[in-house]
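# Descriptive structure summary
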Amino acid sequence: MLISWNTTKECNLYCKHCYRDSGPDEKEVDELSTAEGKKLLAEIAKAGFKIIIFSGGEPLLRDDIYELVECAVEEGLRPVFGTNGMYITEEMAQKLKEAGAAGMGISLDSVEPEIHDEFRQFEGAWEKAIKGIQNCVKVGLPVQINTTISDLNYDEFEEITDLAVELGARAHHPFFLVPTGRGKEIEEDSVRARRYHELIERIMEKQKEVEIELKPTCAPQFMAVAQEKGMEMRFTRGCLAGTDYCCILPNGEVHICPYLPVKVGHVRETPFDQLWENSEIFKELRSLDYKGSCGSCVYTEICGGCRARAYYYSDGDYMAGEPWCNRGGSSE
């Protein structure tokens, strides 16, 4: 079980696809305080979660980030990060490691600096991200490279994986664009159904060639592809939204996932562990009582379809069938 905490809406970048609509000067006045954050971490641990992802915005902009990481470790959680990597000096990487950070997910969207910088809307972002990755590797802090997939980099996935290997990363996770936040504005760049499945196949084939872990995110059909290819995966399910995963917004709202803007509750009003156990929304998602093609698919247990994409393309029904899926078949 893992959970994302968008610790802040503030970010040094203004990326085109940002699901949280983050950017410079976007810090919310009602972000959870340090004390509230520590209380939340205790409740997350009590709910049975094992991994906490400190995300944003840019989580490294929080002044109390080392203190929060230490608290997470004390609560028995494994703290990891989702960051653009631009702030990670060698000194910061060492401090994060000493605080207890177990891994850094750093965004890298191309082998070409110009493409990455254009997507992130900041000249020099690629170079700083590469340096951040190198600094983490240098101090022995594990790195996972995260790539947001769109038409801009669809053809270079394998090259980015090769670069990840060269840099010493332990994993490369491609994130398939879900049109939410500013991502709605570039929805036409999303990798649509046919190419979507072609890329999943390519990722699984590339996995056979490299030792680092490749895991498509927001593409739960990879589990069906892996099963069909006889590949052993450490993962048990594609989409975890509401079953083994959810997210906390900077102000304490609890959402199904970062890409699915359905409010489940608020940690300032109800302890998180109680929300996780008692929410009718989470209970519905755990029922796996999906509609359409997902409801009759033989891969329901291991895939589940992308609940965020189902929500977006069905006018708000997160239990609808996966609109991009051309895999599976009737279980009847």
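Everything that follows concerns the structure shown earlier in this document.
Residues numbered from 1 in each chain as written. Predicted model: local features only at pLDDT ≥ 70, side-chain atom pairs only at ≥ 80, totals over all residues. Heavy atoms only, no water.

### Considerations on the packing of helix α2 (residues 65-74) against helix α3 (residues 90-99)
- Closest axis-to-axis distance for the α2/α3 pair is 8 Å, and the angle between their directions is 30 degrees. Taken together, the axis directions place α2 and α3 in an arrangement best described as roughly parallel. Contacts between α2 and α3 pair Y66, V69, E70 and V73 from the former with M92, K95, L96 and A99 from the latter.
- Across the contact of α2 with α3, the residue classes break down as six nonpolar, no polar and two charged. (Axes fitted to C-alpha atoms, helices over the stretch in contact; angles between N-to-C directions. Helix = DSSP H or I, 4+ residues; strand = E, 2+ residues; numbered from the N terminus. Parallel < 35°, antiparallel > 145°, perpendicular 65-115°, else oblique. Contact = heavy atoms within 4.5 Å. Nonpolar A, V, L, I, M, F, W, Y, C, P; charged D, E, K, R; others polar.)

### Describing the environment of P220
- Considering the arrangement of structural elements, one finds P220 in the loop between β7 (213-214) and α8 (222-228).
- By relative accessible area, P220 is classed as buried at 3%.
- When the C-alpha atoms of P220 and R237 are compared, they prove to be 7.4 Å apart, with 17 residues separating the residues in sequence.
- Look past the residues within four positions of P220 in its chain and what remains in contact with it is Y196, G238, C239, C303, G305 and C306. (Buried < 20%, exposed > 50% of the residue type's maximum accessible area, 1.4 Å probe, protein only.)

### Some remarks on the nonpolar core
- The biggest cluster of nonpolar side chains holds 98 residues, and the ones touching the most others in it are F54 and F272.
- For this core, the element with the highest residue contribution is helix α5 (residues 125-139), accounting for six residues.
- Setting aside residues up to four positions removed in sequence, F54 forms contacts with W5, T7, L41, P59, I65, L68, V69, A72, P79, V80, F81 and G82.
- Residues C11, C15, M86 and A125 belong to the second largest nonpolar core, which totals five residues. (Core = buried A, V, L, I, M, F, W, Y, C linked by side-chain atoms within 4.5 Å.)

### A closer look at the pattern of salt bridges
- Within the structure shown, the criterion is met by 19 salt bridges.
- Between D273 and K46 there is a salt bridge; the shortest N-O distance is 3.7 Å. One end of the pair, D273, is in helix α9 (residues 272-278); the other, K46, is in helix α1 (residues 34-46), with 227 residues separating them in the sequence.
- Ionic contacts of the salt-bridge type, sharing partners, join the residues E201, E205, K208 and K229 into one network. (Salt bridge = Lys/Arg side-chain N within 4 Å of Asp/Glu carboxyl O.)

### A few points about empty space enclosed by the protein
- One pass over the full model with this rule turns up one cavity of 30 Å³ or more.
- For the largest cavity, the calculated volume is near 30 Å³.
- In terms of lining, the largest cavity is formed by D109, I115, F119, T148, S150, L152 and N153.
- Grouping the amino acids of the lining of the largest cavity by side-chain chemistry returns three nonpolar, three polar and one charged. (1 Å grid on protein atoms, 1.4 Å probe; cavity = no way out; pocket = protein on both sides within 12 Å on 5 of 7 lines; lining within 4 Å. Points joined across faces, edges and corners; volume = space filled by probe spheres on them.)

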